Amino acid sequence: MATERTLSIVKPDGVANGHIGHMISIFEAAGLTIKAAKLVRLTKAQAEGFYAEHAGRGFFGELVEFMTSGPVVLMCLEGENAIAKNRELMGATDPAQAAEGTIRKLYAESKGRNTAHGSDSPASAERELKYFFSEAFELVG
Ligand code: ADP
Ligand code: MG
C-alpha cells in the first residue's frame, strides 16, 4: 500500500447540518491526516467544472444547484490507501445502499444530497486536488 492524497468535500448538507467536526473525526480516527482545508462557497462555474464528467447526465443541473447552495469544506486527506479508505468511510453514493456507520448512512438524505465527496481514483485525486488547491501555498508538507 502506498501513501496517497485524496480530495474530500463536506457537501452543503453536511456543513448546514453541523457535521464538519464528526466527519473530520472519522477521517482522523481512520488514520488519515488533513493536509489542507478550506470552507468556500462554490460558484456555478466551479461546480460545473469540478463535475464535468457528469455534464449531460439527468441529475447534472440538480447536482450543480445543490453544490452551490451553501458553503462546502474542501480537504486534502493523506494516508495509506487514502483514496479507497475515504470512499469506504463515505459509503455508497446512495445512502440506502451505504454500509452501517458510514458517513452517508449516518447523514445523507438521498443519492443527490449525500453529504460527502471523495476522489474515486489516483487520476481523479490528482485532478481534483489541483482543481481546488495550489501546490505551493495551500498543501502542507
Ligand atoms: P460518488 O460521489 O459516489 O463518486 P458519482 O460520481 O456517481 O458518485 O456522482 C457524483 C455525485 O452526483 C453524487 O455524489 C451525487 O451527489 C450526485 N448523483 C449521482 N447520481 C445521482 C442521481 N441518480 N440522482 C441525483 N444525484 C446524483
Ligand atoms: Mg464520483
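Residues numbered from 1 in each chain as written. Chains lettered and ligands numbered in written order. Predicted model: local features only at pLDDT ≥ 70, side-chain atom pairs only at ≥ 80, totals over all residues. Heavy atoms only, no water.

Details of the nonpolar core
Next, step 1: In terms of nonpolar packing, the biggest core is built from 19 residues, with Leu7, Ile9, Met67, Phe132 and Phe133 touching the most fellow members.
Next, step 2: At the level of elements, strand S1 (3–10), helix H3 (44–50), helix H4 (60–67), strand S3 (72–80) and helix H7 (122–132) are the ones that each hand at least two residues to this core.
Next, step 3: When residues of this core are assigned to their parent elements, the largest contribution, five residues, is made by H4.
Next, step 4: Residues contacting Phe133, with those up to four places away along its chain left out, are Leu7, Ala36, Ala37, Lys38, Leu74, Met75, Cys76, Glu138 and Leu139.
Next, step 5: With 14 residues, the next largest nonpolar core counts Val10, Val15, Val73 and Ile103 among its residues. (Core = buried A, V, L, I, M, F, W, Y, C linked by side-chain atoms within 4.5 Å. Buried < 20%, exposed > 50% of the residue type's maximum accessible area, 1.4 Å probe, protein only. Helix = DSSP H or I, 4+ residues; strand = E, 2+ residues; numbered from the N terminus. Contact = heavy atoms within 4.5 Å.)

Notes on the sheet that holds S3
Next, step 1: The four strands are arranged S2-S3-S1-S4 in an open sheet whose pairing can be described as antiparallel. Each of the sheet's edge strands pairs with one partner strand only, and the pair in question is strand S2 (33–40) and strand S4 (116–118). Sheet twist, expressed as the average angle between the axes of neighbouring strands with direction ignored, equals 20 degrees.
Next, step 2: By the bridge criterion, eight bridges tie S1 to S3 in an arrangement that is antiparallel. Across the sheet, Val10 pairs through a bridge with Val73, a residue of S3.
Next, step 3: Against the sheet, H7 engages S1, S2, S3 and S4, with an angle of about 55 degrees to S1. (Pairing = 2+ DSSP bridges. Axes fitted to C-alpha atoms, helices over the stretch in contact; angles between N-to-C directions.)

A look at the pattern of salt bridges
Next, step 1: This model, assessed by the stated rule, comprises seven salt bridges.
Next, step 2: For the salt bridge of Glu78 with Arg5, the shortest nitrogen-to-oxygen distance reads 2.7 Å. You can see Glu78 sitting in strand S3 and its partner Arg5 sitting in strand S1, a full 73 residues away along the chain.
Next, step 3: Lys105 is paired through a salt bridge with Glu100; the nearest N and O atoms lie 3.7 Å apart.
Next, step 4: For Lys105, a relative accessible area of 35% translates into the label partly exposed.
Next, step 5: You can call Glu100 exposed: its relative accessible area is 68%. (Salt bridge = Lys/Arg side-chain N within 4 Å of Asp/Glu carboxyl O.)

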